[in-house]
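Residues per chain, in single letters:
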Amino acid sequence: MKIDKSLMSGSTTLLVLSLLAGEEMYGYQMITELSRRSSHVFDLKEGTLYPILHGLEADGLVSVREKKSGEGRTRKYYRITRRGRRALEERKEAWAVFRDQVDAVVNSAAPA
Amino acid sequence: MRNSFQIWINAVCEQVRFRPDHRSIELELRDHYEDHVQDLLRLGRPRELAEERALEAMGNAQEVGRALDKVHKPWLGWLWEVSRVLVLALALLLAWKLWKDTYTVSLTKKTWDQLMWTSPPFGVSYAATDYLDLWLAPGEPEFYAGTYWDDPLPGETRLQVPLTVWAQTEDVFHEHLVSPDQHWNLEVTADGRPIPHGSYAGDGSTRNSGYWVYDGPGQYGWTRYRFRILLILEEPPRRAEVTIPRTGTVLTAEWEGAA
């Protein structure tokens, strides 16, 4: 099942920060990891990842460093910052509230 | 298909008004695209199909470009560039200033001299004042024709008799009684005859005078320094005395076998 783009857009930052909470990653790695962890449900248009990453970098939530990959290519690796971890925790809490309330409304019986 | 990617990336960059960032954006997105192509090739897709799929997965170029433009704000980018140039200019200015600033150069030398300070030899004349420990040692008289800035007059040779002074204090903030940076404030006699301060350069025309020579740091604020008092005399002395003003402390230097 593919998820509607508008449903994704509000949570991409949360998803990206969650991915980076475990290890530093480069862009393509994030896309494949996101796809894998969501059982191919989250299929982000790949180019749109970069404005998100660059925005997070500008906000100081992630930092970037260049590293040579095995194939000798220099890649930009993104790593979550301490500030990014705090933001992730806040967004997780907000997401939990949001999810519960959406569930509550969606699952509530329609008035007679 | 590679050309298709170039068209795509050009369309992305067209939307980003801050041009200096175009190159890094292009490199990163190109890496991403090529990673995807390689993955699809590994899965056995034909190259053309792999490139087509990878490009399609990148999304709408204008959309990506507009989103990047919101992050790569031109005013912020230029502010960053200008501040980098300013910081560089400031660093260069500071480096130039430090290079030109003789005080900094001399400070470096003095610090080195402090580290290289050698203790006075055993048995030389020693006195302790309220502020300073002082040592005085006689040096070897020498005839000097010289080739330096403080040369004797042309054709002349002068007799120079060095007295080496070591000074040490615990109080780095005290303005010492003895300081080569101050005036000739020591009373010096050679065989009982007062030796006045000659010209600082000691031009050699003034007999029976003396002047300072820096051997080590002698400025206010240092704990240890060493310098020489060069006596310009007619003949080698037997004995020289140095009186520290206001304390009455006298240091003596004696030469054995002097005429």
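Rules of the game
Residues numbered from 1 in each chain as written. Chains lettered and ligands numbered in written order. Predicted model: local features only at pLDDT ≥ 70, side-chain atom pairs only at ≥ 80, totals over all residues. Heavy atoms only, no water. Helix = DSSP H or I, 4+ residues; strand = E, 2+ residues; numbered from the N terminus. Buried < 20%, exposed > 50% of the residue type's maximum accessible area, 1.4 Å probe, protein only. Contact = heavy atoms within 4.5 Å. Areas by Shrake-Rupley, 256 points an atom, 1.4 Å probe, with all protein chains shown as cover. Pairing = 2+ DSSP bridges. pLDDT = per-residue confidence, 0-100. Buried area = accessible area lost by both parts, 1.4 Å probe. Salt bridge = Lys/Arg side-chain N within 4 Å of Asp/Glu carboxyl O. Nonpolar A, V, L, I, M, F, W, Y, C, P; charged D, E, K, R; others polar. 1 Å grid on protein atoms, 1.4 Å probe; cavity = no way out; pocket = protein on both sides within 12 Å on 5 of 7 lines; lining within 4 Å. Points joined across faces, edges and corners; volume = space filled by probe spheres on them. Core = buried A, V, L, I, M, F, W, Y, C linked by side-chain atoms within 4.5 Å. Expected span 1.5 Å × (residues − 1).

### A word on the overall build of chain A
So, point 1. Per the secondary structure count, chain A includes five helices and two strands.
So, point 2. Across chain A, helices and strands are ordered from the amino to the carboxyl terminus as α-α-α-α-β-β-α.
So, point 3. Split into buried and exposed, the 112 residues of chain A put 40% on the buried side.
So, point 4. Residue pairs in contact within chain A that sit at least 24 positions apart in sequence constitute 49% of those at least 6 positions apart.
So, point 5. On chain A, roughly 6,900 Å² of surface is accessible, and the fraction owed to carbon and sulfur atoms is 53%.

### Let's talk about the overall build of chain B
So, point 1. Assigned secondary structure in chain B consists of six helices and ten strands.
So, point 2. Of the roughly 15,200 Å² that chain B leaves accessible, carbon and sulfur atoms contribute 57%.

### Quick word on the sheet that holds strand β10 (residues 249-254) of chain B
Residue and element names in this part refer to chain B.
So, point 1. In space, the four strands of this open sheet follow the order β6-β5-β9-β10, with antiparallel pairing throughout. Looking at the sheet topology across the chains shown, the edges are occupied by β6 (193-194) and β10.
So, point 2. By the bridge criterion, four bridges tie strand β5 (residues 187-190) to strand β9 (residues 239-244) in an arrangement that is antiparallel. Looking across to β9, one finds that E187 is bridged to T243.

### Brief notes about the pairing of β10(B)
Residues and elements named next belong to chain B.
So, point 1. Burial of β10 is one-sided: the residues T249, L251 and A253 facing one way are buried, the residues V250, T252 and E254 facing the other way are not.
So, point 2. Relative to β10, β9 is paired through six bridges, and the arrangement is antiparallel. Its bridge partner being in β10, I244 is matched across the sheet by T249.

### Details of the confidence of the model for chain A
So, point 1. For chain A, per-residue confidence averages 87 on the pLDDT scale, and 88% of positions sit at 70 or higher.
So, point 2. Averaged pLDDT values over the elements of chain A bottom out at 65 in helix α1 (residues 5-9) of chain A and peak at 94 in helix α4 (residues 49-58) of chain A.

### A closer look at the confidence of the model for chain B
So, point 1. On average, residues of chain B carry a pLDDT of 79, and 76% of them reach 70 or more.
So, point 2. Segment residues 200-204 of chain B: pLDDT under 50, and 17 contacts once partners within four positions in sequence are set aside and those in other chains are kept.

### Concerning the interface of chain A and chain B
So, point 1. Taken together, the contact pairs 22 residues of chain A with 19 residues of chain B.
So, point 2. Of the roughly 1,700 Å² buried where chain A meets chain B, counting both sides, 53% is carbon and sulfur surface.
So, point 3. The salt bridge involving A:R75 is made with B:D35; its shortest N-O contact spans 2.5 Å.
So, point 4. Counting residues per element, the ones that place at least two in the side of chain A that touches chain B are α3 (27-37), α4 and β2 (74-80) of chain A.
So, point 5. Here the side of chain A that touches chain B gets five residues from one element, more than from any other, and that element is α4(A).
So, point 6. Class assignment for the residues of the side of chain A that touches chain B results in eight nonpolar, seven polar and seven charged.

### Some remarks on the layout of surface pockets
So, point 1. Space inside the second largest pocket adds up to approximately 450 Å³.
So, point 2. As for the second largest pocket, its lining consists of 16 residues, and the residues nearest its centre are A:E57, B:D21, B:V71, B:H72 and B:W80.
So, point 3. Every element with two or more residues in the lining of the second largest pocket is listed here: α4 of chain A together with α5 (74-100) of chain B.
So, point 4. Of the residues that constitute the lining of the second largest pocket, the class distribution is six nonpolar, four polar and six charged.

### Considering the pattern of salt bridges
So, point 1. Here the structure, examined in full by the defined rule, presents 16 salt bridges over all chains.
So, point 2. Salt-bridge contacts for A:K92 lead to A:E89; the nearest nitrogen and oxygen are separated by 3.7 Å. Here A:E89 and A:K92 lie together in helix α5 (residues 82-107), a separation of three residues that amounts to about one turn.
So, point 3. In this structure A:K92 comes out as partly exposed when scored by relative accessible area, which is 40%.
So, point 4. As a salt-bridge pair, B:R84 and B:E81 come within 3.5 Å of each other at their nearest N and O atoms. A residue pair is termed a helical-turn pair when its members lie 3 or 4 positions apart in one helix, as B:R84 and B:E81 do in helix α5 at three residues.

### Considerations on the nonpolar core
So, point 1. The biggest cluster of nonpolar side chains holds 41 residues, and the ones touching the most others in it are A:M30, B:W8, B:V12 and B:L29.
So, point 2. Residue contacts for B:W8: discarding those within four places in its chain leaves B:L29, B:L55, B:M58, B:G59, B:N60, B:A61 and B:V64.
So, point 3. B:A167, B:F227, B:A240 and B:W255 belong to the second largest nonpolar core, which has 24 residues in total.

### Here we look at α5(A)
Side chains that are three or four residues apart share a direction in an α-helix, a result of its 3.6 residues per turn.
So, point 1. Helix length check: α5(A) (26 residues) gives 37 Å between terminal C-alpha atoms against 38 Å at 1.5 Å per residue, within 8%.
So, point 2. Listed in full, the buried residues belonging to α5(A) are A:G84, A:A87 and A:L88.

### Concerning empty space enclosed by the protein
So, point 1. Following the criterion strictly, the structure yields one cavity of 30 Å³ or more and no others.
So, point 2. The calculated volume of the largest cavity comes to roughly 60 Å³.
So, point 3. As for the largest cavity, its lining consists of A:Y26, A:G27, A:Y28, A:Y50, A:R75, A:K76, B:E28, B:D31, B:H32 and B:D35.
So, point 4. Contributing elements (two or more residues each) for the lining of the largest cavity: α3 and β2 of chain A together with α2 (22-42) of chain B.
So, point 5. When residues in the lining of the largest cavity are grouped by element, the largest group, four residues, is from α2(B).
So, point 6. Residue composition of the lining of the largest cavity, grouped by class: three nonpolar, two polar and five charged.

### What about the pairing of β5(B)?
Residues and elements named next belong to chain B.
So, point 1. Where burial is concerned, the two faces of β5 differ: the one with V188 and A190 is buried and the one with E187 and T189 is not.
So, point 2. Taken together, the two bridges between β5 and β6 define a ladder with antiparallel strand orientation. Paired with T189 across the two strands is P194, which belongs to β6.
So, point 3. A loop of two residues connects β5 with β6, the two strands running antiparallel in sequence, and D191 in this loop sits at a positive phi of about 50°.

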